[in-house]
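# Analysis of the macromolecular model
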Amino acid sequence: MGEKSWETLEGACYGCKKCRLWETRHNVVIGKGNKNADIMFIGEGPGQQEDLQGLPFVGPAGQLLDKMLSAIDLSIDDVYIANIVKCRPPGNRDPHEDEQEACLNYLRYQLLLVKPRIIVCLGRIAAMAIISPTFRITKQRGEWVERKGYWITATFHPSALLRDESKKRPAWEDFKSIQKKLLELKQNEL
Ligand code: URA
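Summarised in this report is the structure supplied together with it.

Rules of the game
- Residues numbered from 1 in each chain as written.
- Predicted model: local features only at pLDDT ≥ 70, side-chain atom pairs only at ≥ 80, totals over all residues.
- Heavy atoms only, no water.
- Helix = DSSP H or I, 4+ residues; strand = E, 2+ residues; numbered from the N terminus.
- Buried < 20%, exposed > 50% of the residue type's maximum accessible area, 1.4 Å probe, protein only.
- Lys, Arg positive; Asp, Glu negative; His and termini not counted.
- Salt bridge = Lys/Arg side-chain N within 4 Å of Asp/Glu carboxyl O.
- Polar contact = N/O pair within 3.5 Å; in protein donor to acceptor, adjacent residues only side chain to side chain.
- Contact = heavy atoms within 4.5 Å.
- Near = heavy atom within 4 Å.
- Nonpolar A, V, L, I, M, F, W, Y, C, P; charged D, E, K, R; others polar.
- Disulfide = S-S within 2.5 Å.
- Pairing = 2+ DSSP bridges.
- Axes fitted to C-alpha atoms, helices over the stretch in contact; angles between N-to-C directions.

## Regarding the side chain of Arg 88
For Arg 88, the location among the structural elements is in the loop between β3 (79-83) and α4 (97-114). Within the buried core, Arg 88 has no salt-bridge partner, and the shortest N-O distance to an opposite charge, that of Asp 51, equals 5.0 Å. Among the polar contacts made by the side chain of Arg 88, one reaches the side chain of Asn 92 at a distance of 3.0 Å. Excluding residues that lie within four positions of it along the chain, Arg 88 makes contacts with Leu 21, Thr 24, Pro 46, Gly 47, Gln 48 and Asp 51.

As structure tokens, this is what we get:
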């Protein structure tokens, strides 16, 4: 694709018909936040509100994510947020494997543009796509792997926390570990 640019990515995404999801989308949801952030959060795919507004994590899950970020002293200006698929799967079903496959190159391109130090997968779909197809979110959340210069971890999806209160404490531990990793990386730069 030659020299990488946001314009190239956006142009490709807005016209994308690589999988069936374009037929039912209202908006392509590329990302939001700081395009030079040290930390990138990756969710599953747009929900209803996200599809209507063209922005990720603006519904109830997004409100919880904002709160968890502020609890570790981060705001949307410190992070970049995207999804595995950029168009809403109808009825909020899981994105199919061929849909994820069709969309992942856009995310790879986006990672090269943002160049985060840390990638946080939100939920099992993102963790399976980014870390390992056999990833078990309940068992392996909070673990760190270093790959291709990125520090990568996964935690529960905020929607899972809204459905099941008992997941909030472990998710909070994961967020504290993310804060610690970010501090460590920054200190090593000094
Ligand atoms: N859930 C996701 O995985 N992504 C969003 O953007 C919103 C809800």
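Once the structure has been displayed, the description carries forward.
## Some words on the site of the ligand
Lining the immediate surroundings of the ligand are Gly 43, Glu 44, Gly 45, Glu 50, Pro 56, Phe 57, Asn 83 and His 157. Within the backbone of Gly 45, a nitrogen or oxygen atom sits 3.0 Å from a nitrogen atom of the ligand. Between the ligand and the protein, one listed contact pairs a nitrogen atom with a side-chain N or O atom of Asn 83 at 2.8 Å. When its residues are assigned to classes, the shell around the ligand shows two nonpolar, four polar and two charged.

## Details of the state of the cysteines
In total, this model carries zero disulfides according to the counting rule given. Between Cys 19, a free cysteine, and Cys 87, which holds the nearest cysteine sulfur, the sulfur-to-sulfur gap is 6.4 Å. Judged by its relative accessible area of 19%, Cys 19 is buried. Cys 87 sits in the buried class, given a relative accessible area of 10%.

## So, the pairing of strand β2 (residues 39-43)
For a regular strand, side-chain orientation follows a simple rule: the groups alternate between the two sheet faces. Counting buried positions along β2 gives five out of five residues, so the element sits mostly inside the fold. Residues Ile 39, Phe 41 and Gly 43 of β2 are buried on one face, and the alternating residues Met 40 and Ile 42, pointing to the opposite face, are buried as well. Sheet topology places β2 next to β3; five bridges connect them, and they run parallel. Note on β3: the bridge partner recorded for Ile 42 is Ala 82.

## Here's the deal with unusual backbone geometry
You will see that Lys 115, though not glycine, has its phi angle at about 55°, which is positive. Following the sequence through the fold, Lys 115 ends up in the loop between α4 and β4 (118-122). Since its relative accessible area comes to 58%, Lys 115 is described here as exposed. Here the phi dihedral of Lys 148 falls at roughly 50°; this positive angle occurs in a residue that is not glycine.

## Remarks on the sheet that holds β4
Across the sheet, which stays open at both edges, the six strands sit in the order β1-β3-β2-β4-β6-β5 with mixed pairing between neighbours. Looking at which strands have only one partner, the edges of the open sheet turn out to be β1 (32-33) and β5 (145-147). Both β5 and strand β6 (residues 150-155) contribute to a ladder of three bridges, which runs antiparallel. Of the residues in β6, the one forming a bridge with Val 145 is Ile 152. Seen against the sheet, helix α8 (residues 168-189) touches β2, β4 and β6 and runs at an angle of roughly 170° to β6.

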